[in-house]
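The residues making up each chain are set out below.
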Amino acid sequence: MDTISRNKKPTSIKWRFLSFVIILAIAFFVAIVMTSRILESNLLEIRVFDSAQKVNDISTAVTYDFVNHNSQSLYNYAVSQGLAANGRILLLDSSGIVQLDSYSRLNGTKMGNLEIYEVLEGDSDVSYGYHRIRNGDRDSWTLNSVSAIIDESKTVGAAVLVQSIDDVVSGVNSVRIRYIIIYLVSLAIVVILFWLIINRILSPLKSLQEGTEAISEGDLNKRVEVRGRDELASLGNSFNEMAQKLEDVDRIRSEFVSNASHELKTPLNSMKILTESILYEDNVEESVYKEFLGDIDHEVDRMTNLVNDMLLMTRLQNMEKKDLVFEEVSVISLLEEVVGPLRRIAESKEITLKEEYGYTGNVSCISGQLQHAIQNLIENAIKYNHEGGSVTVGTKEENGEIVFFIDDDGEGIPEAEQEKIFERFYRVSKSRARETGGSGLGLYIVQTIVRLHGGRITLESAEGEGSTFYIHLPKKGNDREKE
Ligand SMILES: Nc1ncnc2c1ncn2[C@@H]1O[C@H](COP(=O)(O)OP(=O)(O)OP(=O)(O)O)[C@@H](O)[C@H]1O
Ligand SMILES: [Mg+2]
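Just so it is clear, the structure is predicted and the values come from calculations on it, not from any experiment.

Here's the deal with the overall build of the protein
Next up, step 1: When helices and strands are tallied, the protein shows 11 helices and 12 strands.
Next up, step 2: Scaling as 2.2 N^0.38, a compact globule of 483 residues should have a C-alpha radius of gyration of about 23 Å, whereas the protein reaches 53 Å, well beyond that.
Next up, step 3: If you line up the protein on its principal axes, its C-alpha atoms span 165 × 65 × 40 Å.
Next up, step 4: Looking at the protein as a whole, 23% of its 483 residues qualify as buried.
Next up, step 5: Long-range pairs, those at least 24 residues apart, make up 63% of the contacts in the protein between residues at least 6 apart in sequence.

Written out as structure tokens, the structure is:
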């Protein structure tokens, strides 16, 4: 399923853009056609109105001479009016035969145009029509306006004013051509601009796609080039941050594997040497056997502790919110269970273990885990101490927090090392670690547990003077015991 969707070629944004441009071009084109049509019909309407008024005046003015057949007067009038109106005047009798043509060419001809019939048959007093006339190899357009000549309420003829409307047609055509030029230029600008914008968007997307592909193929040091400060730039930055985190996680994981293998190898090597030395030695005394087996046993313990710590660490890291079951426990009973068994170990090393409880209320915690953390800190305080030293375990309430502290007057931790000791497998002195048997996971586990409790761990230490570790837990949700 996954591979099918991966192999499917995505519809290119460029194609979508092209269809958008085509729709835009069609819309523009329709708009141009419509506007030039509207312009044309508006201009013609003005012409028709003007012409109708003129022909109406003419028909009224010629009625007397027309009825009385005053040809000369009619002709003079028609010619002068024709010139004034920049057109041709025809006077027709009631059967449509030209009685007078101001151009003197159509006299006696029968006119059969629709608008003339309309007027002569009394359907309308005024009418008009457009006509195309083939003039050599070019067309020319005329407007015929017709008005009835009425004598004693009877239509006795019609006056026709023929005017050229070529100026309107060619005017509209030149406007149309200008529109089309503007349209083509703006379309070209739109296409170029959009193309540039699309490429500006697509090129970082393409490099992001290449980046994700490289990362999914395991090339974790792949980064994308980020330009500008727009949303795509911030997407690029987020990608680079994500890649950096993945690289960090990968590095930490491989460091962990190499450290863990190294830590496991050390006791295994010792065990191998110890076993071989008694295996290949003849006549070994029983006491030597016992001593060597004791050493092997010690190494097995070390390995078991290490493996247990590693298992605990993974379990803590994989814990989810739903796994965290907090309970209210008294700090005194919580600490008593930890301090009791450790007191004996302290005494065997001639170290005094003191208790100093400033806060005796309840704490909301996962008790097993919190006890494990405190136990680790006390073990360290005993381990990195000297004969005759002392360790104090205590509680106090400070700034709304419950604070557990473990203080010792042991060897202390150099300032430069104080942050590092919380890292996995970190030990201040690796050579001493062989005697103490520590693997360097203890404080990392303590810190993880404290963080799971929503708290923090701090440290005060001076080399040669001792150290104090503090676990700060939020008081919220903890009942204070009545004193
Ligand atoms: N109270 C202390 N005084 C002096 N040094 C300390 C103290 N606590 C920790 N350290 C130093 O910090 C290092 C890390 O401590 P951590 O508890 O993580 O590991 P560890 O004690 O060596 O091994 P383990 O995993 O068995 O606890 C120790 O190796 C030690 O050098
Ligand atoms: Mg430790």
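Here's the deal with the domain arrangement of the protein
Next up, step 1: The domain boundaries assigned to the protein delineate domain 1 (14–173), domain 2 (231–315) and domain 3 (323–474).
Next up, step 2: A separation of 110 Å is found between the C-alpha centroids of domain 1 and domain 3.

Comments concerning the site of ligand 1
Next up, step 1: Neighbouring ligand 1 are 23 residues; Arg427, Val428, Gly438, Gly442 and Leu443 lie closest to it.
Next up, step 2: Counting only elements with at least two residues in the shell around ligand 1, the list comes to α9 (367–383) and α11 (442–452).
Next up, step 3: Among the elements that make up the shell around ligand 1, the one with the highest residue count is α9 (three residues).
Next up, step 4: Looking at side-chain class alone, the shell around ligand 1 contains nine nonpolar, 10 polar and four charged residues.

Regarding the sheet that holds strand β7 (residues 352–357)
Each strand in a sheet pairs with another by means of backbone hydrogen bonds, the pair being arranged parallel or else antiparallel.
Next up, step 1: Across the sheet, five strands lie side by side as β7-β9-β10-β12-β11; this open sheet has mixed pairing. Every other strand in the sheet has two partners, leaving β7 and β11 (456–462) as the edge strands with one partner each. Pairwise comparison of adjacent strand axes, ignoring direction, gives a mean angle of 15° for this sheet.
Next up, step 2: Alignment of strand β10 (residues 401–408) against strand β12 (residues 466–474), held across eight bridges, turns out to be antiparallel. Each bridged residue has a counterpart across the sheet, and for Phe404 the counterpart in β12 is Ile471.
Next up, step 3: Docked against the sheet, α9 engages β9 (390–398), β10 and β12, running at close to 25° with respect to β10.

Overview of the pairing of strand β4 (residues 138–151)
Next up, step 1: Bridge count for strand β3 (residues 126–135) against β4 is 10 bridges, and the pairing is antiparallel. Paired with Ile133 across the strands is Ser140, a residue of β4.
Next up, step 2: Remark: two residues form the turn of the hairpin made by β3 and β4, two consecutive strands paired antiparallel; Gly136 in that turn has positive phi of roughly 65°.
Next up, step 3: As judged from the 10 bridges shared by β4 and strand β5 (residues 154–164), these two strands associate in the antiparallel manner. Following the sheet pairing, Ala148 is matched in β5 by Ala158.
Next up, step 4: Two successive antiparallel strands, β4 and β5, enclose a turn made up of two residues, where Glu152 displays a positive phi of approximately 50°.

Notes on helix α2 (residues 13–67)
Next up, step 1: In this model α2 runs 79 Å from its N-terminal to its C-terminal C-alpha over 55 residues, within 8% of the 81 Å that 1.5 Å per residue would give.
Next up, step 2: Considering bend angle alone, the principal kink of α2 is centred on Ala61 and spans about 35°.
Next up, step 3: Buried within α2 are the following residues: Ser51, Lys54, Val55, Ile58, Ser59, Val62 and Phe66.
Next up, step 4: Looking at the buried side of α2, the elements it contacts are α3 (71–84), β1 (87–93), β3, β4 and β5.
Next up, step 5: Following α2 by one or two positions, His69 has its phi on the positive side, about 55°.

The rules behind each value
Position numbers for residues start from 1 in each chain and track the written sequence from start to end. To label them, take the chains in the order written and letter them from A, then take the ligands in the order written and number them from 1. Local features in a predicted model are, by the rule used here, given only for residues with pLDDT of at least 70; side-chain atom pairs are given and counted only at 80 or more, and totals for whole chains, interfaces and linings are based on all residues. The way it works is that DSSP assigns letters per residue, a run of H or I at least four long becomes a helix, a run of E at least two long becomes a strand, and they are numbered from the N terminus. Atoms counted for the radius of gyration: C-alpha only. Globule rule: 2.2 Å times residue count to the power 0.38. Exposure classification rests on a simple neighbour count of other C-beta atoms within 10 Å of a residue's own: a residue reaching 20 or more is buried, one at 12 or fewer is exposed, and one in between is partly exposed. C-beta atoms are placed from the backbone. The contact criterion used here is simple: two residues whose C-beta atoms, placed from the backbone, lie within 7 Å are in contact. Domain ranges listed in this record stem from an automatic or a database domain assignment. For each residue, a C-beta atom is placed from the backbone, and the residue is labelled near a molecule or strand when this atom is within 6 Å of it. Three classes are used: nonpolar for Ala, Val, Leu, Ile, Met, Phe, Trp, Tyr, Cys and Pro, charged for Asp, Glu, Lys and Arg, and polar for all others, with Gly counted as polar. Two strands are counted as paired when DSSP detects at least two bridges linking them. A fitted line through C-alpha atoms serves as each axis, taken over the contacting stretch for helices, and the angle formed by two N-to-C directions is quoted from 0 to 180°. One less than the number of residues in a helix, times 1.5 Å, gives the span that helix is expected to have. What we call the bend at a residue is the angle made by axes fitted to the seven residues finishing there and the seven residues starting there.

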